[in-house]
Amino acid sequence: MNRRDLIAAGVASAATLALPRMTLAAERADVVIVGAGLSGMHAAQLLIDLGLKVIVLDANARVGGRVQTVQTMDGPIDVGASQIGRGYARVLDAVQRYGLKLIPEDRDLLAFGGHFKDTWIDPKTWESNPLNQTVGDERKISPFLMGQVVAARFNPLKEVDDWLDPRFADLDISLRQLMQRNGYSAAAIELASHSAPGIGIDETSMLRMWQEETRGAVDRKIGGAPTRHDRQQPFGEVNDRANLLGGLATINNIVGGTSQLPLAMAAKLGDVIRLNRKVGRIEMTDSAATVTCTDGTAYAARFVISTLPFSVLREVEIVAAPNPVARQAITTMPYANTARMYLTVDRPFWQDDGLPASFSTDGPIGMFWAIDNHTGQGRHRAMVVMVGKVAQAIARLDHEEAEAFVLSELVRLRPAAKGLLRYQTYKDWLRDPLQRGCGFSLAPGQVNGFARDMLKPWQVLHFAGEHTRRLDYGMEAAMESGERVAIEIAGRV
Ligand SMILES: Cc1cc2nc3c(=O)[nH]c(=O)nc-3n(C[C@H](O)[C@H](O)[C@H](O)COP(=O)(O)OP(=O)(O)OC[C@H]3O[C@@H](n4cnc5c(N)ncnc54)[C@H](O)[C@@H]3O)c2cc1C
C-alpha cells in the first residue's frame, strides 16, 4: 500500500464530519490547521483530497513561513529555504505537480580563510602556526572547522531514524561532553566552540546534530556522489553541477525563488487559507476544539493541527487535559537562529588586500561568504552569515542597528571593502515574531526527555512542522510532517 492508499483506506468515502455543538463559533471545519508554511499547506491538500473541510489560519500576510523570497535591486533573494537536494522526494514531487522549474544552484563559495584572535590565518599553514595551541592530530584540523570535523568523526548513526533509537541514549550529550569523553585538549574545545553545529558547544544534543548529518549523507549518496566530502568551508555544501541526475544537480533552486512553491500550493488551496489570523487560544475536549484568533474570530473543528514552531506555540494558550510531555516540549525546546546580510560586491576587494575572499571569524559577524561569479572580475554576490551563538547575540540589535554594525565590522576587518559593498537585504529569524528562530533544536538530555513522544496527539490536537520530523530535514521535513499528520487524522476519522 502506498501512502495515498493508506490515507484513502482510512477515510473510505470521506464526508464532512458531524461536529459536536461546542461553541457558537463563526465557522466550522473538520480540521483547522494553524500555520500556512509547507507543512500546513501539504497537510491541508492531502486532507482536502480526502473530502474533509479544512481551514488554514496564518498570522502573517503571506504564506510560506520560513520559505521567503525577497525582491531586491539584484533580483529575487531567498532569505529562508533555498536548497533542494536530490533526496527531497515530496518537495520534488510538488515542484513537478505545480509545474515549477528547478535549476542547479549557483552559489559556490570562494576560498576561505580565518580571522582569529585578531590575526589572519591560512588554513594550509595552520598546523605550524604558533597560535595553534591544539595537540597531536588536532593540529591538522582547520580552526574554523573543528566543531564540525569532530562532530562528523564520532557520528555512530547509520540509519536516518537512529537518532531516536534508545541504543544511542547515552549520546544525548553536548559536543563539549563528547570532546571531553574522547580526550580532546582544552584548546581544541575552545576552537570547537566557534564552529559547533547547532546553537553551541553546550546547547545542542549530539543526537540532534547527527540527525541532520546522517540525513545529509543519504542525499550525497544519490547518484553515486561521495558519502563524505572533505569540507574546506564551514557551511555551504559544494554543489556538483557536472553530473546531473535526471536534470538535477546535488543542490537545486526553484526558478524565481523558493516562494513560488508555497504560492502555488496556496493558489490551489484557494480560500481555505485565511491570512492575518493570529491564533491566540486552542481549547479542546476529547472530541472537538475551538481555535480563537487575537482578532476575535473563532473556528470550531473536530481536529486541529498545529504546525507552529514551539518557539511561538508557547505563546498560544492551550486549554486541555494535562499532557506534561507536550507542555515540556512546547515550553523548553530551544530554537537556533540564523541572521544573514545579502550584499553585492562591486569589485573583488580580495584582490586588493590579498586575503582570502571568504572568511570565518571568532568575532561578532561569524562568516563572510564571497560567492564565485565564475569570472574572477567584476561584481560578486556575498553574504554575511551568522549562526549559533553569533546569531543569538546579533538578535539583541534591531534591524537598523544590526545592519549598520555588520557593515562597519566587515569594513573594519577588510578596509579594502570600503565603498564596494552594496546592501541588498537582511533577515534575522529570531527577531521575526512569527518564528522566533530559524529551526528547532534539542538540548542535551531532551531527546531522552521528550523528543520520542512529543508528537503524540494531544486529545484532538495533532502536531506537524519541521520540528516534528522523524527522518528528514529542511523543507522535506516539513512535508514529511504534513503527510504524517494527515495520515494520523485519516486514521481517526
Ligand atoms: C535561513 C533559513 C535557511 C533555510 N535553508 C533551507 C534550505 O536551503 N533547504 C531546506 O530544505 N530547508 C531550509 N530551511 C528550513 C525550511 O525553511 C523549514 O524547514 C520549513 O520551511 C519549515 O516549514 P514549516 O511548515 O514546518 O514551518 P513554517 O514555515 O515556520 O510555518 C509556520 C507558520 O506558522 C505561522 N504562525 C506563527 N505563529 C502563528 C500564530 N500564532 N497563528 C497563526 N499562524 C502562526 C507563521 O507565519 C508560519 O507561516 C531554512 C530555514 C531558514 C530559516
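Residues numbered from 1 in each chain as written. Predicted model: local features only at pLDDT ≥ 70, side-chain atom pairs only at ≥ 80, totals over all residues. Heavy atoms only, no water.

Identification of the chain as FAD-dependent oxidoreductase from Novosphingobium piscinae is taken from an unreviewed UniProt entry. The record held by UniProt for the chain lists under Cofactor (unreviewed entry) the comment "FAD". (UniProt positions renumbered as here; feature names shortened; annotations may be inferred.)

Novice: Explain the sheet that holds strand S9 (residues 251-254) residue by residue, including any values.
Specialist: The strand order S5-S9-S6 describes an open sheet built from 3 strands, whose pairing is antiparallel. Looking at strand neighbours, the two that pair on one side only are strand S5 (84-85) and strand S6 (102-104), the edges of this open sheet. Relative to S9, S6 runs antiparallel, the two being bridged by 3 bridges. What sits directly across from Leu 102, in S9, is Ile 254. (Pairing = 2+ DSSP bridges. Helix = DSSP H or I, 4+ residues; strand = E, 2+ residues; numbered from the N terminus.)

Novice: Report on helix H10 (residues 324-332), specifying residues and quantitative values.
Specialist: Every buried residue belonging to H10 is among Ala 326, Ala 329 and Ile 330, and all of these are buried. Within H10, the buried residues cover an arc of 95° as seen down the axis, which keeps them to one side. (Buried < 20%, exposed > 50% of the residue type's maximum accessible area, 1.4 Å probe, protein only. Arc of directions from axis to C-beta.)

Novice: So what about the domain arrangement of the chain? Which residues, and what values?
Specialist: In many reports, interface size means the accessible area that the parts give up when they come together. Domain boundaries assigned for the chain yield domain 1 (3-65 + 259-334 + 443-492), domain 2 (69-108 + 335-431) and domain 3 (133-229). For domain 2 and domain 3, the distance between their C-alpha centres works out to 25 Å. Domain 2 puts 11 residues into the contact, and the matching count from domain 3 is 9 residues. The largest share of the area that domain 2 buries against domain 3 comes from Arg 86, Gly 87 and Lys 389, three residues that together contribute 49% of it. Between Lys 389 and Glu 203 there is a salt bridge; the shortest N-O distance is 3.2 Å. Of all the elements in the fold, those that place two or more residues in the side of domain 2 that touches domain 3 are strand S15 (335-336) and helix H12 (388-394). Counting residues per element, the side of domain 2 that touches domain 3 draws most heavily on H12, at 3 residues. Among the residues making up the side of domain 2 that touches domain 3, the classes are represented as 3 nonpolar, 5 polar and 3 charged. (Domains from an automatic or database assignment. Contact = heavy atoms within 4.5 Å. Buried area = accessible area lost by both parts, 1.4 Å probe. Salt bridge = Lys/Arg side-chain N within 4 Å of Asp/Glu carboxyl O. Nonpolar A, V, L, I, M, F, W, Y, C, P; charged D, E, K, R; others polar.)

Novice: Could you give an account of helix H15 (residues 474-492), naming the residues involved and the relevant values?
Specialist: The end-to-end C-alpha distance of H15 is 28 Å, a good match for the 27 Å that 19 residues give at a rise of 1.5 Å each. Of all the 19 residues making up H15, 15 are buried; the element is thus mostly covered by neighbouring parts of the structure. (Expected span 1.5 Å × (residues − 1).)

Novice: So what about the pattern of salt bridges? Which residues, and what values?
Specialist: In this structure the tally under the stated criterion is 31 salt bridges. Among the ionic pairs, Arg 281 bridges to Glu 317, the shortest N-O distance being 3.1 Å. Residue Arg 281 is located in strand S11 (residues 279-284), and its partner Glu 317 is located in strand S14 (residues 317-319); the two are separated by 36 residues in the primary sequence. Residue classification places Arg 281 among the partly exposed positions, given a relative accessible area of 28%. Taking the shortest distance from any N to any O, the salt bridge between Arg 414 and Asp 353 comes out at 2.7 Å. Taken as a pair, Arg 414 in the loop between helix H13 (399-413) and strand S20 (421-428) and Asp 353 in helix H11 (residues 350-353) lie far apart in primary sequence, 61 residues in all. The class of Arg 414 is buried, set by a relative accessible area of 0%. Ionic contacts of the salt-bridge type, sharing partners, join the residues Arg 90, Arg 215, Asp 219, Asp 472, Glu 476 and Glu 483 into one network.

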